[in-house]
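Notes for the structure review
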Amino acid sequence: IPEMDSNDTSQGSAPRQNRRSLRLQGYDYAARAGYFVTLCTHNRACLFGTISDGEFRETHCGQITREEWLHTAALRPYLRLFAGEFVLMPNHLHGILWITARPAMEQSLQPLQAGSPPRGPKSGSIGAIRAGFKAATTRRVNQHRGASATPLWQRNYYEHVIRDGKSLDRIRRYIAENPARWQFDPNNPNASSPDPEDAWRL
């Protein structure tokens, strides 16, 4: 596990349920650090599997998503994933991405015309990694379900720079316990007693 990046000066406030990115102003999201990310399916559709008695049963769409998560690191030598730091749920996922080195700093998208500012997230940043993962899973899942141009993911997302070992331990525990708490998850359309704060007790 790489050392924590000392540039993160955020306070330990709980993230909001709507999963909007709580970006740190001026922070370089291509910096060496661990990043906890959450992505949710469009309209919270339960495409990836079902949970019964705390056990996740994966669909083919879920298998594709898991494969692409692992492939994300295979494509990027500066990115590491570790066992126990990812969980796939019926309609969302949680995972930790570790940027362990500085990638080549090139813009992921070219300017529209000479002199215009580059568009899109910086290459090697969490934003670029997330966008690449979402594009790859959307393409493969839509091929499988015969639904071209159908959105797979919500536009909103949540990301969090891991500040220290204590925060990392809490996030790892949350990831491990997530399937067992599905009945309380606010993303569960059939939750028996949804707790809107449950998903963000980090």
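A quick note: this is a predicted structure, and the numbers were derived from the prediction, not measured.

1. Here we look at empty space enclosed by the protein
Evaluation of the coordinates by the stated rule reveals 1 cavity of 30 Å³ or more. In this structure, the largest cavity encloses a volume near 50 Å³. Lining the largest cavity are Val37, Leu39, Trp69, Thr72, Leu97, Ile129, Arg130 and Phe133. Of all the elements in the fold, those that place two or more residues in the lining of the largest cavity are strand S1 (33-40), helix H1 (60-75) and helix H2 (126-145). Ranked by residue count, the leading element in the lining of the largest cavity is H2, at 3 residues. Grouping the constituent residues of the lining of the largest cavity by class yields 6 nonpolar, 1 polar and 1 charged.

2. A word on H1
The end-to-end C-alpha separation of H1 is 22 Å, in line with the 22 Å expected for 16 residues at 1.5 Å each. The inward-facing, buried residues of H1 contact S1, strand S3 (55-58), strand S4 (79-80), strand S5 (86-88), strand S6 (92-99) and H2.

3. Quick word on the packing of aromatic side chains
Throughout the structure, instances matching the rule amount to 10 aromatic pairs. Aromatic pair phenylalanine 82 and tryptophan 98: ring centres 6.5 Å apart, planes at 80 degrees, arrangement edge-to-face. In this pair, phenylalanine 82 sits in the loop between S4 and S5 while tryptophan 98 sits in strand S6, placing the two residues 16 residues apart along the sequence. Of the residues examined, tryptophan 98 reaches a relative accessible area of 0% and is grouped as buried. Taking the centre distance of 5.8 Å and the plane angle of 45 degrees together, the rings of phenylalanine 133 and tryptophan 153 count as tilted. A residue pair is termed long-range when its members are at least 10 positions apart, and phenylalanine 133 in helix H2 and tryptophan 153 in the loop between H2 and strand S7 (158-161) qualify at 20 residues. Like tryptophan 153, phenylalanine 133 is buried. Three or more aromatic residues joined by ring pairs make a cluster, and in this case those are Phe48, Trp69, Phe86, Phe133 and Trp153. Taking the ring centre of tyrosine 157 as reference, the NZ or CZ of arginine 130 above it sits at 3.6 Å.

Conventions used here
Residues numbered from 1 in each chain as written. Predicted model: local features only at pLDDT ≥ 70, side-chain atom pairs only at ≥ 80, totals over all residues. Heavy atoms only, no water. 1 Å grid on protein atoms, 1.4 Å probe; cavity = no way out; pocket = protein on both sides within 12 Å on 5 of 7 lines; lining within 4 Å. Points joined across faces, edges and corners; volume = space filled by probe spheres on them. Helix = DSSP H or I, 4+ residues; strand = E, 2+ residues; numbered from the N terminus. Nonpolar A, V, L, I, M, F, W, Y, C, P; charged D, E, K, R; others polar. Expected span 1.5 Å × (residues − 1). Contact = heavy atoms within 4.5 Å. Phe/Tyr/Trp six-rings, centres within 6.5 Å; stacked < 30°, edge-to-face > 60°. Buried < 20%, exposed > 50% of the residue type's maximum accessible area, 1.4 Å probe, protein only. Lys NZ or Arg CZ within 6 Å of the ring centre and 35° of its normal.

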